[in-house]
Amino acid sequence: MPDPSVRIGSLELKNPVIAASGTFGFAEEYGEFYDVSRLGAVCTKGLTLHPREGNPPPRLWETPSGLLNSIGLQNPGIEAFLREELPRMKAQGVVAVANVWGEGEAEYVEAVERLSSSAVDAIELNLSCPNVPGKMLGQRAEEVRHVVSEARSVSEKPLWVKLPPDAHLEVAQAAERAGAEAVCASNTFRAMAIDTETGKPVFERVFAGLSGPAIRPIALRIVYELAAALTIPVIGIGGITTWQDAVAFMMAGAKAIQVGTGNFLDPRCAIEIVEKLEQFLVTKKRELKEVCGCAHRAGSA
């Protein structure tokens with residue numbers, strides 16, 4: 001049998017399929033549909049130092065082949081997560097990746113430091129949420145370098161950086177130089193909707209994040225470009241709903257992938273990708289490492 005395991009920096013995953021932040025809660029609900037420990041990992045809801053109520057409704061708006069969301073990082077706060085949610089995740093056998101967001105560098109660093117002594121398996125710095133107030137740190141290389149470097153200095157946990165889709169290559173390279181073990185590409189695309197009855201933007205914060213199959217070809221291109229330029233792993237995100245999508249991202253150079261909106265379309269989406277990816281490797285008689293990045297090798301032949 002081919003080996004589906006993958007190493008993301010210092011973290012070994014049993015397979016490359018990860019549940020994306022904000023689409024899987026803290027894994028408990030999906031445990032009603034399958035054994036969530038069978039996934040490579042689960043990224044938590046975006047966590048902040050203090051509880052957040054999130055944005056007012058409406059928070060979701062369907063688009064052709066996509067979904068707009070303006071949740072606003074509603075979460076119980078890091079202390080409640082550590083006290084209540086993380087023990088439940090670990091009891092399910094989940095590899096837990098804590099996704100964190102802060103209002104400025106100091107909050108990111110404090111959040112990472114607080115998590116560094118916990119049982120989380122990795123930390124994902126969310127530098128790219130499009131539907132919360134304040135500037136997006138993930139768009140400026142020097143700011144990314146500084147916040148990642150400071151976070152790295154207070155924690156030995158594997159550190160991933162989730163980038164915005166419009167981040168320039170030098171931003172990802174800055175994260176790599178500062179000590180990130182992986183970059184996640186990419187977060188939702190900044191977008192909007194207008195209610196034609198009222199003539200007003202649908203969302204109170206006007207802009208929201210677009211996800212789903214509509215963004216997949218663009219996300220695939222981003223992964224391809226980053227994988228060619230970086231030495232650390234790239235984790236591909238963006239409209240992945242089938243095993244073929246997952247394989248394409250890995251052929252583009254992703255070492256692992258995250259499933260987001262697909263979990264809303266079908267609660268078994270992620271585990272079916274795990275199962276069918278394994279079948280693909282058996283049928284093709286290939287190891288996962290042979291699949292990863294093969295589109296680059298084909299392009300240079």
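Before any of the text, the structure's been laid out above.
Remember, it's a predicted structure, so these values are computed and weren't measured experimentally.

Would you mind showing me how to read the overall build of the protein chain here?
Counting secondary structure elements, the protein chain contains 10 helices and 16 strands. On C-alpha atoms alone, the protein chain measures out to a radius of gyration of 18 Å, which is about the 19 Å that the 2.2 N^0.38 rule sets for 301 residues. Principal-axis analysis of the C-alpha atoms gives the protein chain an extent of 55 × 50 × 40 Å. Here the protein chain, with 301 residues, has 54% of them falling under the buried criterion. Contacts in the protein chain between residues far apart in sequence, at least 24 positions, make up 68% of those at least 6 positions apart. When the accessible surface of the protein chain is totalled, it reaches about 12900 Å², and 51% of it is carbon and sulfur.

I keep staring at helix H8 (residues 269-284) and nothing clicks. Help me out?
Residues that lie three or four places apart on an α-helix share one face, since the helix turns once every 3.6 residues. Its 16 residues place the ends of H8 22 Å apart at the C-alpha level, agreeing with the 22 Å of an ideal helix rising 1.5 Å per residue. Of all the residues in H8, the buried ones are Cys 269, Ala 270, Ile 271, Ile 273, Val 274, Leu 277, Phe 280 and Leu 281. Here the buried face of H8 lies against strand S3 (17-19), helix H6 (243-251), strand S16 (256-259), helix H7 (262-265) and helix H9 (288-291). Among the residues trailing H8, Lys 285 stands out with phi positive, at a value near 55°.

Teacher, can you tell me more about the sheet that holds strand S14 (residues 207-211) here?
The sheet built from four strands is open, its strands ordered S5-S6-S14-S11 with antiparallel pairing. Of all the strands in the sheet, the pair left with one neighbour each is strand S5 (60-63) and strand S11 (189-192). Averaged over all neighbouring strand pairs, the angle between strand axes comes to 40°, with direction disregarded. Relative to S14, strand S6 (residues 66-69) runs antiparallel, the two sharing three bridges. Across the sheet, the residue bridging to Leu 68 is Leu 210, located in S14.

Whenever I open this one, the pattern of salt bridges confuses me. Can you help?
Two side chains of opposite charge can pair, provided their charged atoms sit close to one another. Tallied over the entire structure, the rule returns 14 salt bridges. The partner of Arg 88 in a salt bridge is Glu 28, and the shortest N-O contact between them spans 3.6 Å. Remark: Glu 28 occurs in the loop between S3 and strand S4 (41-43) and Arg 88 occurs in helix H1 (residues 78-91); sequence separation between them is 60 residues. With a relative accessible area of 45%, Glu 28 lands in the partly exposed category. Notably, a salt bridge pairs Arg 216 with Asp 245, separated by 3.2 Å at the nearest N-O pair. With a gap of 29 residues between them, Arg 216 in helix H5 (residues 216-229) and Asp 245 in helix H6 connect regions that are remote in the sequence. A relative accessible area of 24% places Arg 216 in the partly exposed class. Residues joined in a network through salt bridges with shared partners are Arg 38, Arg 268, Glu 272 and Glu 275.

Can you help me understand a nonpolar patch on the surface in this one?
Taken together, the side chains of Met 192, Ile 194 and Phe 207 make up a nonpolar region of the molecular surface, amounting to roughly 250 Å² of accessible area. With respect to the helices and strands, the residue Met 192 is situated in strand S11.

Hey, could you run me through the nonpolar core in this one?
For soluble globular proteins, nonpolar side chains are generally found buried alongside one another. In this structure, Leu 39, Leu 125, Val 148 and Trp 160 are the most contacted members of the largest nonpolar core, which totals 100 residues. Top element by residues in this core is H8. It accounts for eight residues.

Explain the side chain of Glu 124 to me, please; I cannot follow it from the model alone.
Take Glu 124: it is sitting in strand S8 (residues 122-126). Look at Glu 124: it is buried, it has no salt bridge, and the nearest opposite charge is Lys 162 at 4.5 Å. When near neighbours in sequence (up to four residues on either side) are disregarded, Glu 124 contacts Ser 21, Cys 43, Val 97, Ala 98, Asn 99, Val 100, Trp 160, Lys 162, Cys 184 and Gln 258.

Explain the side chain of Asn 99 here, please?
Within the element layout of this structure, Asn 99 appears in strand S7 (residues 96-100). A relative accessible area of 0% means that Asn 99 is categorised as buried. Engagement of the side chain of Asn 99 in a polar contact is seen with the side chain of Glu 124, the distance being 2.7 Å. Setting aside anything within four residues of it in sequence, one finds Asn 99 in contact with Ser 21, Thr 44, Lys 45, Gly 46, Leu 47, Glu 124, Asn 126 and Lys 162.

Would you explain the packing of H1 against helix H2 (residues 105-115) in this entry?
The description of two helices packed together rests on the angle between their axes and the distance between the axes. Viewed as axis vectors pointing N to C, H1 and H2 meet at an angle of 20°, and their least axial separation amounts to 10 Å. Considering their axes alone, H1 and H2 lie roughly parallel with respect to each other. In this structure, H1 meets H2 at a crossing whose hand is right-handed. Residues Ile 78, Glu 79, Phe 81 and Leu 82 of H1 pack against Ala 111, Arg 114 and Leu 115 of H2. When its residues are assigned to classes, the contact of H1 with H2 shows five nonpolar, no polar and two charged.

Where do I start with unusual backbone geometry in this structure?
In most cases, non-glycine residues show a negative phi, while peptide bonds are predominantly trans. Of note, the amide linkage connecting Pro 57 to Pro 58 takes the cis form, showing an omega dihedral of 0°. Checked against the element boundaries, Pro 58 lands in the loop between S4 and S5. Note the cis peptide between Ala 185 and Ser 186, where omega equals 0°. Inspection of the secondary structure assignment puts Ser 186 in the loop between strand S10 (182-185) and S11.

Reading guide: rules and limits
Residues numbered from 1 in each chain as written. Predicted model: local features only at pLDDT ≥ 70, side-chain atom pairs only at ≥ 80, totals over all residues. Heavy atoms only, no water. Helix = DSSP H or I, 4+ residues; strand = E, 2+ residues; numbered from the N terminus. Rg over C-alpha atoms; globule rule 2.2 N^0.38 Å. Buried < 20%, exposed > 50% of the residue type's maximum accessible area, 1.4 Å probe, protein only. Contact = heavy atoms within 4.5 Å. Areas by Shrake-Rupley, 256 points an atom, 1.4 Å probe, with all protein chains shown as cover. Expected span 1.5 Å × (residues − 1). Pairing = 2+ DSSP bridges. Axes fitted to C-alpha atoms, helices over the stretch in contact; angles between N-to-C directions. Salt bridge = Lys/Arg side-chain N within 4 Å of Asp/Glu carboxyl O. Patch = residues over 30% accessible without salt bridge, like charges linked within 9 Å, V, L, I, M, F, W, Y side chains within 5 Å. Core = buried A, V, L, I, M, F, W, Y, C linked by side-chain atoms within 4.5 Å. Lys, Arg positive; Asp, Glu negative; His and termini not counted. Polar contact = N/O pair within 3.5 Å; in protein donor to acceptor, adjacent residues only side chain to side chain. Parallel < 35°, antiparallel > 145°, perpendicular 65-115°, else oblique. Left-handed = near helix turned anticlockwise from the far one by under 90°. Nonpolar A, V, L, I, M, F, W, Y, C, P; charged D, E, K, R; others polar.

Just distances and angles here, no functional claims.
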